[in-house]
Structure formats: C-alpha cells, structure tokens
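Descriptive analysis of the structure
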Amino acid sequence: MVSFREVIGQEEVQQRLLQMVSEDRLPHAVMFCGQPGIGKLALAVAFASRLLGEDNPMVRNLQHPDLHFTYPTIKLPSMGSDHIPVSDDFAREWHELLMQGPYFSMDDWLSAIGAENQQAIITAGESDELVRKLSLKSSQGGYKVSVVWLPERMNNACANKLLKLIEEPPQQTVFLMVCEEPDKLLETIRSRVQRIDVKKIPTEVISQALVERRGIDPEQALRISRLAGGSWLRALRELQAGTENEQFLDLFIQLMRQAYKRDVRSMKAWSDTMAAFGREKQKRFLAYFLHMVRESFMYNFQQKDLCYMTQAEENFARNFARFINEANILPITDLVNLAIRDIGQNANAKIVFFDLALQMIVLLIQK
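Now for a description of the structure that goes with this document. Everything quoted here is computed from the prediction, not taken from an experiment.

Some points on the pattern of salt bridges
Per the stated rule, a full pass over the model turns up 21 salt bridges. We note a salt bridge from glutamate 54 to arginine 50, for which the minimum N-O separation is 3.4 Å. In this structure, glutamate 280 and lysine 283 form a salt bridge, with 3.5 Å as the shortest nitrogen-oxygen distance. You can see glutamate 280 and its partner lysine 283 sitting in helix α14 (residues 279-299), three residues apart, about one turn around the helix. In this structure glutamate 280 comes out as buried when scored by relative accessible area, which is 10%. Overall, the relative accessible area of 21% leaves lysine 283 in the partly exposed class. Taken together, the shared-partner salt bridges connect Arg92, Glu93 and Glu96 into one network.

A word on the nonpolar core
Among soluble globular proteins, nonpolar side chains are generally buried collectively. Counting residues in each nonpolar core, the largest one holds 60 residues, and the members touching the most others are Phe32, Trp149, Leu176 and Trp232. For this core, the element with the highest residue contribution is helix α2 (residues 40-52), accounting for ten residues. Leave out the neighbours within four places in its chain, and tryptophan 232 touches Ile8, Gly37, Tyr103, Ile201, Ile206, Ala209, Leu210 and Arg214. Within the second largest apolar cluster, 39 residues are counted, among which are Phe248, Phe320, Ala357 and Leu363.

Here we look at the side chain of serine 146
By the secondary structure assignment, serine 146 is in strand β3 (residues 144-149). Residue classification places serine 146 among the buried positions, given a relative accessible area of 0%. Excluding anything up to four places from it in sequence, serine 146 contacts His68, Leu130, Leu134, Val174, Phe175 and Leu176.

Considerations on the environment of alanine 44
Mapped onto the secondary structure, alanine 44 falls in helix α2. With relative accessibility at 0%, the residue alanine 44 sits in the buried group. Between the C-alpha atoms of alanine 44 and alanine 228, which are 184 residues apart in sequence, the distance is 22 Å.

Thoughts on the sheet that holds strand β4 (residues 173-179)
Ordered by their spatial adjacency, five strands build an open sheet running β2-β3-β4-β1-β5, and the pairing between neighbours is parallel. Each edge of the open sheet carries a strand with a single partner, namely β2 (67-70) and β5 (194-197). Within this sheet the neighbouring strands show an average axis-to-axis angle of 20 degrees, counted without direction. Bridge analysis of β3 against β4 gives six bridges, and the strand direction is parallel.

Overview of helix α17 (residues 349-363)
Taking 1.5 Å per residue as the helical rise, α17 with its 15 residues ought to reach 21 Å, and the 21 Å between its terminal C-alpha atoms agrees with that figure. Of the residues making up α17, those classed as buried are Ala349, Val352, Phe353, Leu356, Ala357, Met360, Ile361 and Leu363. Residue asparagine 348 occupies the N-cap position of α17, its side-chain oxygen lying 3.0 Å from the main-chain nitrogen of lysine 350.

Details of the pairing of strand β1 (residues 29-33)
A regular strand places its side chains so that they alternate between the two faces of the sheet. Along β1, five of the five residues are buried, which leaves the element largely enclosed by surrounding structure. Burial along β1 is two-sided: the residues Ala29, Met31 and Cys33 and Val30 and Phe32 are all buried. With four bridges connecting them, β1 and β5 associate as parallel partners. The residue of β5 that forms the bridge with methionine 31 is arginine 195.

Focus: the packing of aromatic side chains
Under the counting rule described, the total for this entry stands at 20 aromatic pairs. Relative to phenylalanine 285, the ring of phenylalanine 248 lies with its centre 5.5 Å away and its plane at 75 degrees, an arrangement referred to as edge-to-face. Here phenylalanine 285 lies in helix α14 and phenylalanine 248 lies in helix α12 (residues 244-261), a separation of 37 residues in the sequence. Since its relative accessible area comes to 1%, phenylalanine 248 is described here as buried. Judged by centre distance (5.7 Å) and plane angle (85 degrees), the ring pair of phenylalanine 252 and phenylalanine 320 falls under edge-to-face.

Details of the pairing of β4
Across the seven residues of β4, seven count as buried, placing the element largely inside the fold. Burial along β4 is two-sided: Thr173, Phe175, Met177 and Cys179 and Val174, Leu176 and Val178, pointing in opposite directions, are all buried. Bridge count between β1 and β4: five bridges; the pairing is parallel. Bridged to cysteine 33 within β4 is cysteine 179.

Points about the packing of helix α10 (residues 218-228) against helix α11 (residues 232-239)
Relative to each other, α10 and α11 sit at 130 degrees, their axes nearing to 8 Å. When the interaxial angle is binned, α10 and α11 end up oblique. Read as a crossing pair, α10 and α11 show a hand that is right-handed. Side by side, α10 and α11 meet where Ile224, Leu227 and Ala228 of the first sit next to Arg234, Ala235, Glu238 and Leu239 of the second. Of the residues assigned to the contact of α10 with α11, the class counts are five nonpolar, no polar and two charged.

Conventions and cut-offs
Residues numbered from 1 in each chain as written. Predicted model: local features only at pLDDT ≥ 70, side-chain atom pairs only at ≥ 80, totals over all residues. Heavy atoms only, no water. Salt bridge = Lys/Arg side-chain N within 4 Å of Asp/Glu carboxyl O. Helix = DSSP H or I, 4+ residues; strand = E, 2+ residues; numbered from the N terminus. Buried < 20%, exposed > 50% of the residue type's maximum accessible area, 1.4 Å probe, protein only. Core = buried A, V, L, I, M, F, W, Y, C linked by side-chain atoms within 4.5 Å. Contact = heavy atoms within 4.5 Å. Pairing = 2+ DSSP bridges. Axes fitted to C-alpha atoms, helices over the stretch in contact; angles between N-to-C directions. Expected span 1.5 Å × (residues − 1). Polar contact = N/O pair within 3.5 Å; in protein donor to acceptor, adjacent residues only side chain to side chain. Phe/Tyr/Trp six-rings, centres within 6.5 Å; stacked < 30°, edge-to-face > 60°. Parallel < 35°, antiparallel > 145°, perpendicular 65-115°, else oblique. Left-handed = near helix turned anticlockwise from the far one by under 90°. Nonpolar A, V, L, I, M, F, W, Y, C, P; charged D, E, K, R; others polar.

Dropping the structure here:
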C-alpha cells in the first residue's frame with residue numbers, strides 16, 4: 001500500500017490535495033510536475049488510495065478495479081506484428097515494481113521489463129484502452145482514478161485521444177498525471193489540467209528520513225542528503241553498494257585524463273563504451289557529467305558548504321578542479337546539454353560521445 005505516510009516530505013502538496021477534497025473542489029485532472037525522485041508518483045498513488053478508500057484491501061494491494069495505471073511500454077519480440085503495446089501487457093511487472101516502493105526511475109522500469117536499450121512510449125492503443133475502461137461504471141460506486149506516469153512520452157495519436165477524454169471526462173473520473181517534462185505535452189492538455197509543481201525535498205527532511213527509516217548514522221545521513229539534491233530516489237541510490245555513480249565517476253575521470261593527454265584512440269574506445277549503454281543511462285551519465293563540472297568549479301572557491309561531492313569525487317577534484325574555470329564552464333555546460341538533447345532525439349550515440357570527447361580537448365585548456 002502507498003499512503004501519504006510513505007511520502008518523504010511534501011506536506012504542503014499533501015495538505016493542498018486533501019483540502020481540495022474537503023472543500024469539494026477536486027478538479028478532474030491534476031498534473032504533478034517536478035524533477036525525478038522527489039515523490040510525484042508517491043503523491044499520486046497515495047492520493048488515489050485516499051480517494052478510493054485506504055481501508056479497502058484491494059486499494060492496499062493496489063489492485064482496485066477503479067484504479068487504472070498508464071505508463072510507457074515497448075514492443076516485445078513475442079508480440080504479434082499487429083499488436084500495439086498497452087500498459088496491461090506489463091501489469092505484473094508494474095505492480096511488482098510499485099509494491100516495492102513508489103520511488104523509481106524510467107531506467108528502473110525499463111530494466112523491470114527487459115528493455116534497457118529501447119525507448120518506451122505510451123501508444124494510441126493505450127488511450128483506446130483508457131476510453132474503454134473509464135466508460136464503465138465505478139465498481140464501488142465512487143471515484144474512478146487514472147494515474148498516468150510520464151504523459152510526455154505519449155505519441156501524438158495517444159495525446160490527441162487523451163485530450164478528448166480530458167475535455168469530456170466520464171462521470172466521477174479523476175486523472176492524476178506524473179510529469180517530468182511538461183513542455184513536451186500538448187499545450188491543449190496542459191491548459192486543461194491543474195498543475196501542481198512539486199518541489200525538491202529539503203536536505204534536512206531527507207536526512208531525517210534516512211535516520212528514521214533506514215537507520216543511517218546522522219553524520220552519514222547528512223552527507224547523503226546533501227548529495228541527493230532534493231531527490232529521495234538519489235539518496236536511496238547513494239546507499240546502495242556499488243552505486244552507479246561510482247561507475248560514472250570512473251568514466252568521467254577516464255575522459256578527463258584522455259582529453260588532457262589528447263589520447264584520441266582511447267577516447268574513441270571510451271565513446272564506444274558509452275554508446276553501448278541504454279539511452280536512459282546515457283542521459284543519466286551526462287547529468288552526472290554536469291554535476292562533476294559544477295562541483296569542480298565550486299571546489300575552486302574552497303567553500304565546503306557550496307560543494308556536494310562524495311569523498312571519492314572530492315579526491316579527484318582536488319587536482320582536477322583548476323581545469324574548470326570562468327572561461328570554460330559555460331561552454332562545457334552548453335556542450336553537455338546539447339549532447340543530452342541529441343541522445344533524447346535518438347542521435348547516433350557513438351558520434352555524440354566522440355564529438356563530446358574531442359571538444360573537451362580544447363575546452364580543458366581554456367583559461
């Protein structure tokens with residue numbers, strides 16, 4: 001079961017949602033917006049549970065007939081050529097992941113369905129399924145709740161069909177959308193939902209939750225919470241042994257040393273390694289790249305309160321930071337953001353990363 005008690009922080013949003021219900025002014029479509037890992041899905045599922053009745057065993061198990069989940073899917077090799085993938089095709093995997101906790105990423109979801117190297121979308125077939133499901137009467141005589149995770153991944157056909165459904169919603173139907181990139185949604189959809197911007201979780205709230213819920217030493221909890229950047233999901237990842245960030249740090253160090261030495265052959269091999277990752281992991285590495293550039297720049301000011309690095313990252317920054325300065329930090333940032341955009345648009349990853357590597361040769365010597 002996912003209740004408001006499981007949501008880390010976000011008390012302001014919780015109170016706003018409950019007030020909507022108590023004052024009988026609940027809109028038919030709410031969209032939670034914000035960065036990954038801050039609790040948007042947790043809020044949506046907890047609110048859905050509250051609307052459907054938390055004491056109901058089916059609600060506690062997240063298998064209530066009036067609770068519908070929509071999420072990005074892929075086409076499996078086992079599916080027929082005419083089959084359009086829909087959420088129900090992956091209902092078991094979704095339920096298992098959600099029951100483990102409502103804090104997970106797209107990469108976690110892709111891993112759960114065995115699709116690390118594919119782009120998941122919400123198809124037009126999904127909107128047809130929603131129309132069919134929501135046209136039925138509520139089995140319990142109350143609300144019907146549709147939770148849509150990452151609606152920005154809808155293709156155009158799905159988005160246009162969902163727009164019609166939102167414009168003329170079935171009786172007692174509530175749409176709860178969980179969105180990370182609202183600008184990618186149709187303006188007509190954005191204008192018909194009530195947007196709630198979910199803020200980053202305060203550092204002290206994450207730290208307290210780590211101590212109380214995970215039994216972490218207060219000093220370690222504080223360091224992890226500062227690294228988390230307002231994301232409970234990132235805080236959980238920092239706890240995991242062999243965290244992905246350790247791999248990312250190693251890859252970052254490799255590239256910086258290769259760029260400094262102008263070792264083009266090794267940079268080509270590095271680019272091939274990066275290209276072998278799934279797109280979501282590639283984007284996470286590039287986000288980590290930006291993190292290390294920013295923290296290395298701030299390290300030059302010798303203000304510990306401004307730096308958010310692990311001990312391993314700080315050990316590298318001690319000698320590397322001087323290469324990141326006022327002359328190159330903005331060009332490097334622009335370069336990496338361009339790479340993120342290109343990867344998101346399915347550009348050839350080998351070309352994207354090799355170009356990034358080559359340009360770093362020039363950027364690192366700017367003073």
